[in-house]
Amino acid sequence: QVQLVESGGGLVQAGGSLRLSCVPSGSIYSINDIGWYRQPPGKQRELVALISSGGSTNYGDFVKGRFTISRDNAKDTVFLQMNSLRPEDRAVYYCYLGYRPNWYQSQSVWGQGTQVTVSS
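These notes cover the structure that comes with them.

Reading guide: rules and limits
- Residues numbered from 1 in each chain as written.
- Predicted model: local features only at pLDDT ≥ 70, side-chain atom pairs only at ≥ 80, totals over all residues.
- Heavy atoms only, no water.
- Disulfide = S-S within 2.5 Å.
- Helix = DSSP H or I, 4+ residues; strand = E, 2+ residues; numbered from the N terminus.
- Buried < 20%, exposed > 50% of the residue type's maximum accessible area, 1.4 Å probe, protein only.
- Pairing = 2+ DSSP bridges.
- Axes fitted to C-alpha atoms, helices over the stretch in contact; angles between N-to-C directions.
- Phe/Tyr/Trp six-rings, centres within 6.5 Å; stacked < 30°, edge-to-face > 60°.
- Lys NZ or Arg CZ within 6 Å of the ring centre and 35° of its normal.

Moving on, we get to the state of the cysteines. Following the criterion strictly, the structure yields 1 disulfide and no others. Bridging Cys22 to Cys95, the disulfide has an S-S length of 2.0 Å. Across the disulfide from Cys22 to Cys95, rotation about the S-S bond amounts to roughly -90°, and the bridge is consequently left-handed. Of this pair, Cys22 sits in strand β3 (residues 18-25) while Cys95 sits in strand β9 (residues 91-102), placing them 73 residues apart in sequence. Among the residues examined, Cys95 registers a relative accessible area of 0% and is labelled buried.

Across the sheet, 4 strands lie side by side as β1-β3-β8-β7; this open sheet has antiparallel pairing. Among the strands making up the open sheet, the edge pair consists of β1 (3-7) and β7 (67-72). Taking each pair of neighbouring strands and ignoring which way they run, the sheet shows an average axis angle of 15°.

Quick look at the packing of aromatic side chains now. Here the structure, examined in full by the defined rule, presents 5 aromatic pairs. Consider the rings of Trp103 and Tyr104, whose centres lie 5.4 Å apart with planes at 75°: the pair is edge-to-face. Like Trp103, the residue Tyr104 is exposed in the burial classification. Within the aromatic cluster, the residues linked to one another by ring pairs are Tyr37, Tyr96 and Trp110. Above the plane of the ring of Phe62 lies Arg38, whose end atom (NZ or CZ) is 3.6 Å from the centre.

Written out as structure tokens, the structure is:
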């Protein structure tokens, strides 16, 4: 069973930075894409950033150059560097993995979520 271990959330002042990490574990044949979604209080889950197996990235519109997603391919670890954080960035951040357990199937899995709180 594939699981995701997230780390790096916490409390930061507005204008500060945080770095989130996510490490998959379990049987993975290949990774399609990996990244982060977030769910602000009372709102729906939304895309923050995704990176594909080929290295292409996709960001939510609200990121506006403040966040950077990167990946350590050797360790399948994905990082989200968040700079210039705003109070509205407060949310539970979820790691997402789209992967293949074998050559003919595709699956996805979510992490348990890590809280990010930004004080004004």
